[in-house]
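# Close look at the chain arrangement
These are the residues of each chain, in order.
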Amino acid sequence: MSAPDPFEVTAPPVVLPPRLMGVEPVERVDTPLRMDYLASSGRHMGAYLRAMKQKRILGERCPTTGQVFVPPRGATPTSGLPTTELVELADRGYVESFCVTRVPIPGRDDLELPYISAWIVLDGANVGFIGLVTGIAPEDVRLGLRVEAVWRPDAELTESANNISSWIPTGEPDQTIESYEIVGTP
Amino acid sequence: MAKQRCAVIGVGQTKYESARKDVSIAGLVREAALRALADAGLGWDDIDAVVLGKAPDFFEGVMMPELILGEALGAVGKPMLRVHTAGSVGGSTAIVATSLIESGVHRRVLALGFEKQSDSNAMWALSLPSPFQTSINAGAGGYFAPIIRRYMAMSGAPELTGCNVVFKDRQHALKNPYAHLQQHDLTFESIVDAPMLWDPIRYSETCPSSDGACAVVLSDEDGAKAAPNPVAWVDATAMRSEANNFGGRNMVNPAASSMCAEELYRKAGVTNPRTDIDMAEIYVPFSWYEPMWLESLGFADKGEGWRLVEDGTTKLGGRMPVNASGGVLSSNPIGASGMVRFAEAALQVRGMAGDHQVEGARRALGHAYGGGAQYFAMWIVSATP
Amino acid sequence: MIDVAIVGYSVRQARELADNELELMAPLFETVRAETGLGPDRIDFTCSGSSDFLAGAAFSFVMSVDATRPVPPIVESHVEMDGAWALYEAWVKLQLGEAKTALVYGYGKSSPGSLRDVLATQLDPYVVAPLWPDALGLAGLQARAMLDAGDVTEQAMAEIAARSLADAESNPHAVRSGARDAEALLAEPLVHDPLRSHDIPERADGGAAVILATAEVARDVCSRPAWIRGIDHRMDVHHFGARDLRRAASAEIAAHAVGASADRLDVAELDAPFTHQEHLLTRAMGLDPDRTRISPSGGSLNGHVMMASGLVRIGEAAARIHRGEADRTLGHATSGPWLQQNLACVLEGE
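Read on for a plain summary of the structure. Every value quoted in this text rests on a predicted model; they were computed, and no experiment measured them.

A count of helices and strands for chain C gives 12 helices and 13 strands. Reported as C-alpha extents along the three principal axes, the dimensions of chain C are approximately 55 × 45 × 35 Å. The proportion of buried residues among the 350 residues of chain C is 69%. Contacts in chain C between residues far apart in sequence, at least 24 positions, make up 79% of those at least 6 positions apart. As displayed, chain C has an accessible area near 10800 Å², and 49% of this comes from carbon and sulfur atoms.

Spelled out as C-alpha cells, the structure:
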C-alpha cells in the first residue's frame, strides 16, 4: 500500500471571473498589529518591585512546604494556596547552571556578546531565576560559583527587577552541588 | 460503558518549509486535512467533530483562528475545539480527539495541528518579555542550555553526543519528503564546527522555524474495520503537567515526564519499553534532549541515554530508531510538531512511512513536550487492536 | 454515558482587578475545594480556558497553573477558548471511566488592553481585520439587521435590559445593576446606533472555577449536585456575507441536541453580551421566557468576563440547582463575533 503522493495538490483550481482575469493576484497582506496593555504586577509582585527600589529582595513562603519562591507571585505551586508570608532574601547565592549566549536578543542591544546567562539560586530561596553573570570569563564560569548582586547606583533605582544589572563572583569557595540532576535546593 | 477502541485511519501532512507563501492559513490546514481524508477514504461529511491545536496566536497574529477556519475544515455545524498546551499541543490535541472517540461521543474525529509562524515573527513571539521580569531570557535555547549542561556533567557523556543526534536526524530527514531541512551535503564535521549559540548548544544543534500542518483522522472500531488502508490502534494516551520552578525539581528528568511515561506503559501493557517498543518519535528540539528523554522514557538507565546515540541504536536500521522522520530538529511548525510525532508513530505501525519506514515496526511511541519541559503528552500506537 | 455533575462553583467579577492570575484564581480554587472537600489530591483532571491575545502574553495560561498545585504532577489541559469549552473537555474526560473529578476554570482581564482592538484580531485576517472593525460596531450591525427585519424592537431590547438590571441587584458579582423601567432606558441616547449603553455588556475582569464529579463522588461532596443531562457545542460559518446575522444556527443545533425544550426549564443562563443577542438566542434555542427565567443572575450583559462568561453562565445555572431554587436549568456559552460558536448544557437536580 502506497502513501498518497506527498505533493499532489488536491484542491481544485480557482476560476476567476472575467473582469479579474490577468489581474495580478494579491498574495500577501501586511497588517501591522499594535496593541498596548497596562499590566498589573499583582499585589505580591508589587511588594517585590517596591522592595527592589530599596535594594531588598522579597520571596514568598509556601504555607504547606515552607519552600521560598522568588519573585513572589501570590500563590505557590507546591500548595496552590494564596501566599500569606513574604520573606526577605540575601542578594547573594550561587550558579546552579549556566549557558554562554552568543546570539543577540530582541530589546537588549546593550548586552555585549558573548554573555553568560545563569540559573541563580539565592541563599534562602528554593528556586532559581535567570540572571546575567559578569566579571568573569565564560570559560571560568562553573556550577556552584558563588555570586552577588550588582545594584545600579541609587539614583537609577526604580521599581524593577532591572535594579540588579548583573551578578558577579563573590570569591567565596564554590557551593557544593550534591546532585547534578536536581536544580534548586530540595 | 467500557472505553471504545480508537484508531488512526488517515494521516495528512504539508511539506514543512520556512514560509508557505502560496497558501493562506485556511489553505495550509486544508491541505493536510484533505490528505488525511484521502488516506482514510472519507469525505468531509463523514467527520463528526474537529479538534484544532496550535501554539500561541501571536505566531500568526490571529486570535482564536479556529473561528476563521470552520469552512476550510468542514467544521461548520459541527463541534470544534481549539487546544493550546504550549509545545506539547500537537500531542494533547490528538489525545483530546482520541478521548472523543474512546468516550463514545463521536465516531470519527479530525485532529489537526498547525503553525504558520512565518506570518508573524516566531523569535519575537517566543521571547516576549514578561512585564516586571528581567529580560535576558534568551529564548527557548537560553532556557534549556543550562539544563543540558547539568545532564552533560551528570552523565559524563561525550561532548559530541548532541552533534551525533543532529547528524542522525538530518540524515533521516532526507528519507522524508515532508521534512523541512533537506541537507544533502551535510557532514558531521560541519555540525561540530558550527559556532556555539547557547553554549553548549551549537547553531547546528537547534530546530528550524517551519510553517506546516499535520492532520490525523481518528475513528472507532467499526470505522477502522472499514478503512481502506492499514490502521494504527491507539493503545494508550497520557498527559502530565508540572510547575516549572520549585525546590528540588528535577529539571533534567522532570517527574511529569517519567510519571507520564509510567502511566502510558501501564495502560498500554508495556512492561519493558526497551523490548516492547519498536521505534519512537520523540520531541527533540535541541540535540541533547534525545539522550535525556531516552532516559526519562525508560529506554536507557539514568546517565546512559547517550550510549544509545553512540552505538547507533536510535538510527534507522538500529535496534530502536528514534525520529525516523527527521524529528523536530528537521521540521518545527511549533503547533504541529507534537501532532507530527504522533502521526509519524502511526504511519510507522501502519507500514506507510515510505523510505523512512522502520522494518517490522508494530508498536511505536509518539511524544511531545512544551513549556519549561513541564507539559507532556504521549501515546502508544500499534498495528494490532 | 457516565453521569457527571457540577458540584462546586465560584466566581469573581469586577470592573478592574489589580490582581494577577494567581491572586485571582487561588481564592476561587480555595472556595470550591472547601465547598466540596475535594483538595488537589482528589482532583483527577484539570482544564482551563483563557486567551493569549486578551492577556497580551504568549503561553499566558502557564501563569495560572501554579494555583492548581501542579506539584506533584497533575493531568492538565487547556483550551484557548472560554472556560465553558474546558468544561466540555473535562466532561468528555470523565466519560472515559478513569478520572472521577475535574477542576475547570476560565479567566480573563479586559482592563489591561483595548478590548475592541483585541477582538478585531479574531476576524478574518486578510480582508476584515485590517479594517479594524470594533466589536460594538459589529454587534450594532447585527442588532440593526434584526430591527429592520422586525425580529426585535428597541422596546423589547430595553425590556430585556430593564429586567436584567433588576435581576442583577441580587447578584453580588454583577458589575452593573439597578432597576429602571424600559421607558427610562429608551430615553437614553444611542451610543452605537442602534445600541444604547444598557444594550452593551459591562466588561469585567475575573474568573470562575467549577468542580465536576462523577456519580461515584458527586453525592458525597454535594447535597444537591447539578447533573449534566446534555452538553453539546457547534460552530457556524465565520465569513461576513456568508452569515445570516439574524440566526445562530449553531445555537439551534446545540439546543436541540441537548433537548433544551424537551422538558420544562426553570432557568436559562444565556451568554448573551448584548440585549438583542439574548432575544435571538431565546428564540434560537426554543426557550419560552414566560415559563423560563432568562439569565436571572443579570447575565453576561451586566458582568462580562472574556474567556469565562460562558463558564459563569453554566456555573450560575448549576448554583440555582445547588441552592434548591430550580430543578432543571440551561447554561449557554458563546464565542466569536455574532454568536458564531455556541455551547449548551442542560442541568438537573434530583
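Next comes the rest of the write-up.
With that settled, the discussion passes to the overall build of chain B. Broken down by element type, chain B carries 12 helices and 12 strands. In summary, chain B has a C-alpha radius of gyration of 19 Å against a globular reference of 21 Å for 385 residues, a match within 12%. Over its C-alpha atoms, taken along the principal directions, chain B stretches across nearly 55 × 45 × 45 Å. Burial statistics for chain B: of 385 residues in total, 72% are counted as buried. Considering only contacts in chain B between residues 6 or more positions apart, those separated by 24 or more positions represent 79%. Roughly 10400 Å² of accessible area belongs to chain B as shown, and the carbon and sulfur atoms make up 49% of that amount. Charge centroids of chain B, computed over 33 positive and 41 negative side chains, lie 3 Å from each other.

Facing the 55 residues of chain A at the interface are 47 residues of chain B. Along the contact surface separating chain A from chain B lie three salt bridges. For aspartate 119 of chain B, the salt bridge goes to arginine 28 of chain A, with nearest N and O atoms at 3.8 Å. Summed over the shared surface of chain A and chain B, the result is eight residue pairs in polar contact (both at pLDDT 80 or more). For the side of chain A that touches chain B, the elements supplying multiple residues, two or more each, are helix H1 (43-53), strand E4 (92-101), strand E5 (115-122), strand E6 (128-133) and strand E9 (182-183) of chain A. Residue contributions to the side of chain A that touches chain B peak at six residues, all from E4 of chain A. Split into classes, the residues belonging to the side of chain A that touches chain B amount to 32 nonpolar, 15 polar and eight charged. As judged from the two bridges shared by E4 of chain A and strand E5 (residues 196-199) of chain B, these two strands associate in the antiparallel manner. Within E5 of chain B, the position partnered with valine 100 of chain A by the bridge is aspartate 199 of chain B.

Opposite the 52 residues of chain B that make contact, chain C presents 53 residues. Buried surface at the junction of chain B and chain C, both sides included, amounts to about 4500 Å², of which 67% is carbon and sulfur. Between chain B and chain C we count two salt bridges in total. In this structure, lysine 3 of chain B and glutamate 98 of chain C form a salt bridge, with 2.7 Å as the shortest nitrogen-oxygen distance. Our enumeration of links across chain B and chain C arrives at 15 residue pairs in polar contact (both at pLDDT 80 or more). Contributions of two or more residues to the side of chain B that touches chain C are made by strand E3 (80-83), helix H2 (89-102), helix H3 (122-126), strand E8 (232-241) and helix H8 (255-268) of chain B.

Turning our eyes to something else, we now look at the environment of aspartate 271 of chain C. All names here are of chain C. Inspection of the secondary structure puts aspartate 271 in the loop between strand E9 (267-269) and helix H11 (275-284). On the basis of relative accessibility, which here comes to 1%, the residue aspartate 271 falls in the buried class. Between the alpha carbons of aspartate 271 and alanine 257 there is a distance of 18 Å; along the sequence they are 14 residues apart. In contact with aspartate 271, not counting residues within four places along its chain, are Asp82, Leu281, Ser300, His304, Ser309, Gly310, Arg313, His332, Ala333, Thr334 and Leu339. A polar contact is formed between the side chain of aspartate 271 and the side chain of serine 309, at a distance of 2.8 Å.

Let us look at the side chain of glutamate 60 of chain B. With respect to the helices, strands and loops of the structure, glutamate 60 of chain B is situated in the loop between strand E2 (49-53) and E3. A distance of 2.7 Å separates a polar atom in the side chain of glutamate 60 of chain B from a polar atom in the side chain of lysine 54 of chain B.

On to the environment of alanine 58 of chain C. Turning to its location among the elements, alanine 58 of chain C is positioned in the loop between helix H2 (52-55) and helix H3 (62-65). Separated by 118 residues in sequence, alanine 58 of chain C and arginine 176 of chain C place their C-alpha atoms 31 Å apart. Dropping the residues within four chain positions of it, alanine 58 of chain C is found in contact with Pro56, Phe58, Ala125 and Leu128 of chain B together with Asp52 of chain C.

Once that is clear, we can look at helix H5 (residues 161-173) of chain B. Residues and elements named next belong to chain B. Look at H5: 19 Å from first C-alpha to last across 13 residues, which is about the 18 Å you get at 1.5 Å a residue. Here H5 lies mainly inside the structure; 10 of its 13 residues are buried. Restricting attention to buried positions, one finds in H5 the residues Thr161, Gly162, Cys163, Val165, Val166, Lys168, Asp169, Arg170, His172 and Ala173. Against helix H6 (188-193), strand E6 (201-202), helix H10 (289-296) and helix H11 (305-310) lie the buried residues of H5.

For the rest of this paragraph, the subject is the sheet that holds strand E3 (residues 85-89) of chain A. Residues and elements named next belong to chain A. Taken together, three strands build an open sheet; the order of strands is E2-E1-E3 and the sheet is antiparallel. For this open sheet the edge positions go to strand E2 (68-69) and E3, each flanked by a neighbour on one side alone. The sheet contact formed by strand E1 (residues 57-61) and E2 spans two bridges and is antiparallel. Bridge pairing in E2 links arginine 61 to valine 68. Set on the sheet, H1 makes contact with E1 and E3; between it and E1 the angle comes to about 155 degrees.

Parameters at a glance
- Residues numbered from 1 in each chain as written.
- Chains lettered and ligands numbered in written order.
- Predicted model: local features only at pLDDT ≥ 70, side-chain atom pairs only at ≥ 80, totals over all residues.
- Heavy atoms only, no water.
- Helix = DSSP H or I, 4+ residues; strand = E, 2+ residues; numbered from the N terminus.
- Buried < 20%, exposed > 50% of the residue type's maximum accessible area, 1.4 Å probe, protein only.
- Contact = heavy atoms within 4.5 Å.
- Areas by Shrake-Rupley, 256 points an atom, 1.4 Å probe, with all protein chains shown as cover.
- Rg over C-alpha atoms; globule rule 2.2 N^0.38 Å.
- Lys, Arg positive; Asp, Glu negative; His and termini not counted.
- Charge placed at Lys NZ, Arg CZ, Asp CG, Glu CD.
- Salt bridge = Lys/Arg side-chain N within 4 Å of Asp/Glu carboxyl O.
- Polar contact = N/O pair within 3.5 Å; in protein donor to acceptor, adjacent residues only side chain to side chain.
- Nonpolar A, V, L, I, M, F, W, Y, C, P; charged D, E, K, R; others polar.
- Pairing = 2+ DSSP bridges.
- Buried area = accessible area lost by both parts, 1.4 Å probe.
- Expected span 1.5 Å × (residues − 1).
- Axes fitted to C-alpha atoms, helices over the stretch in contact; angles between N-to-C directions.

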